[in-house]
Amino acid sequence: LVEAQSNYYTDLFCAVTTASNLVQAAGGGEVSMSWGGGEFSGETADDPVFTTHGVVYFAAAGDGAGVLYPSASPNVVSVGGTSLSTNPITGNFIGENVWQDTGGGPSAYESRPTYQHSISSIVGSQRGTPDVAADANPFTGVWVFDSFDCGTCWYIVGGTSVASPTWAGIVNAAGSFSASTKAELTKLYGVGDFNDITLGSCGPYMGYFASPGWDFCSGLGSPKSYAEK
């Protein structure tokens, strides 16, 4: 865990660089970022922050309609959100659909990267987000034990701030570390194995819809196995 001194981009990027150097020194791996802000015209100048050799970067796509940075960077795996359905009696898994509050959409400033050429008919000339997705609905999220704020209690947390480290952990567990985020994304867009999310909507005015294949709500889909990750 690396904490920034503030939520200003200068301090956040400094924290990312510190984390990157630690991961690189350990032999490579992943850096996950559960933060983001609105896009801005000069963001492309900050993209090199996410290019440390041997490090794959993951970023939360956001918990509301629209596109965030650094999720929009082509040097980052953008992670959107899904929602899980389980049987209220047995707890058995029923299905997975889009989390309506997930971030996603075409970037206003980043051009379409080469690994997204296969979805150019959807994203046009712009970088599309998210790339992938995972459970982010706070009602179906992950249990956390808190021994500080509430004494000793369990509660559920969600958001794409959960989905991003979930994906980073899965890729880390897969063990085949890529030399860069672009290399990892090229692999994911090539032959990655996913649960294709085809139900639900998201985005401004709920105007984006899940569909077979890649879409602006869930990207390529949620993790299915360690294959090609």
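Going by the structure above, here's the rest.
Just so we're clear, the structure is a prediction, and the values are computed from it rather than from any experiment.

**Q** Looking at this structure, how should I read the overall build of the protein?
**A** Each helix and strand counted, the protein has four helices and 15 strands in total. The C-alpha radius of gyration computed for the protein amounts to 17 Å, which stays within 12% of the reference 17 Å derived for 229 residues, consistent with globular compactness. Across its three principal directions, the C-alpha atoms of the protein cover 50 × 50 × 35 Å. Across the 229 residues that make up the protein, the buried fraction comes to 45%. Across the protein, contacts joining residues at least 24 apart in sequence account for 66% of those joining residues at least 6 apart. Roughly 10600 Å² of accessible area belongs to the protein as shown, and the carbon and sulfur atoms make up 56% of that amount. Where the 6 positive side-chain charges of the protein centre and where its 20 negative ones centre are 13 Å apart.

**Q** Just checking my understanding: could you explain the pairing of strand β3 (residues 55–60) for this structure?
**A** Two faces belong to every sheet, and in a regular strand the side chains alternate between them. Burial analysis of β3 places six of its six residues in the buried class, which makes it a mostly covered element. In this sheet, strand β5 (residues 77–86) lies alongside β3 in parallel orientation, the contact comprising three bridges. Paired with alanine 60 across the bridge in β5 is valine 79.

**Q** I would appreciate a short explanation of the state of the cysteines in the present structure.
**A** In a disulfide, the sulfur atoms of two cysteines are held together by a covalent bond. One pass over the structure, following the stated rule, counts two disulfides. The partner cysteine of cysteine 150 in its disulfide is cysteine 153, sulfur to sulfur 1.5 Å. Between cysteine 150 and cysteine 153, the S-S dihedral sits near -80°, and the bridge is therefore left-handed. Taking relative accessible area as the criterion, cysteine 150 reaches 35% and is therefore assigned partly exposed. Looking at cysteine 153, the relative accessible area reads 22%, which means it is partly exposed.

**Q** Help me understand the pattern of salt bridges in this model?
**A** A side chain of one charge can pair with a side chain of the opposite charge when the charged atoms of the two come close. For the structure shown, the criterion picks out two salt bridges. The closest approach of N and O atoms between aspartate 131 and arginine 127, which form a salt bridge, is 2.7 Å. In this structure aspartate 131 comes out as buried when scored by relative accessible area, which is 0%.

**Q** It is not clear to me how helix α4 (residues 181–191) should be interpreted in this structure. Could you clarify?
**A** It helps to recall that an α-helix has 3.6 residues per turn; residues three or four apart then point in one direction. For α4, every residue scored as buried is listed here: Thr181, Glu184, Leu185, Leu188 and Tyr189. End-on, the buried residues of α4 take up no more than an arc of 125°, which puts them together on one face. α4 presents Gly190 and Val191 as exposed residues on the side facing more than 90 degrees away from its buried surface. Taken together, the buried residues of α4 touch β3, β5, β8 (126–129), β9 (132–135), α3 (160–174) and β12 (194–195).

**Q** How do you make sense of helix α1 (residues 9–25) when you look at a structure like this?
**A** The terminal C-alpha atoms of α1, which comprises 17 residues, lie 24 Å apart, in line with the 24 Å expected from a rise of 1.5 Å per residue. Considered for burial, the residues of α1 that qualify are Leu12, Phe13, Ala15, Val16, Ala19, Ser20 and Val23. Take α1 and look down its axis: the buried residues cluster within an arc of 155°, on one side only. Along α1, exposed side chains directed more than 90 degrees from the buried face belong to Thr10, Leu22 and Ala25. Considering only its buried residues, α1 is in contact with β1 (29–33), β3 and β4 (68–69). Trailing α1 by a residue or two, glycine 27 shows a phi angle of about 110°, which is positive.

**Q** Would you mind going over the layout of surface pockets with me for this structure?
**A** Vacant regions in the atomic arrangement are exposed by a probe of water-molecule size rolled over the atoms. Empty space within the largest pocket amounts to approximately 400 Å³. Elements that contribute at least two residues to the lining of the largest pocket include exactly α1 and β1. It is α1 that provides the largest number of residues to the lining of the largest pocket, a total of six residues. Of the volumes computed, that of the second largest pocket is approximately 150 Å³.

**Q** Which parts of the structure should I look at to understand the packing of aromatic side chains?
**A** What characterises a pair of aromatic rings is the spacing of the ring centres plus the angle enclosed by the ring planes. Taken as a whole and assessed by the stated rule, the structure comprises 13 aromatic pairs. With a centroid separation of 5.2 Å and 55° between ring planes, the pair formed by phenylalanine 145 and tryptophan 154 is classed as tilted. What makes phenylalanine 145 partly exposed here is its relative accessible area of 43%. A residue is classified by how much of its surface remains accessible, and tryptophan 154, at 56% relative accessible area, is exposed. Put simply, the rings of Tyr9, Phe13, Trp35, Phe40, Phe50, Tyr57 and Tyr69 touch in pairs and so form one group of aromatic residues.

What counts and how
- Residues numbered from 1 in each chain as written.
- Predicted model: local features only at pLDDT ≥ 70, side-chain atom pairs only at ≥ 80, totals over all residues.
- Heavy atoms only, no water.
- Helix = DSSP H or I, 4+ residues; strand = E, 2+ residues; numbered from the N terminus.
- Rg over C-alpha atoms; globule rule 2.2 N^0.38 Å.
- Buried < 20%, exposed > 50% of the residue type's maximum accessible area, 1.4 Å probe, protein only.
- Contact = heavy atoms within 4.5 Å.
- Areas by Shrake-Rupley, 256 points an atom, 1.4 Å probe, with all protein chains shown as cover.
- Lys, Arg positive; Asp, Glu negative; His and termini not counted.
- Charge placed at Lys NZ, Arg CZ, Asp CG, Glu CD.
- Pairing = 2+ DSSP bridges.
- Disulfide = S-S within 2.5 Å.
- Salt bridge = Lys/Arg side-chain N within 4 Å of Asp/Glu carboxyl O.
- Arc of directions from axis to C-beta.
- Expected span 1.5 Å × (residues − 1).
- 1 Å grid on protein atoms, 1.4 Å probe; cavity = no way out; pocket = protein on both sides within 12 Å on 5 of 7 lines; lining within 4 Å.
- Points joined across faces, edges and corners; volume = space filled by probe spheres on them.
- Phe/Tyr/Trp six-rings, centres within 6.5 Å; stacked < 30°, edge-to-face > 60°.

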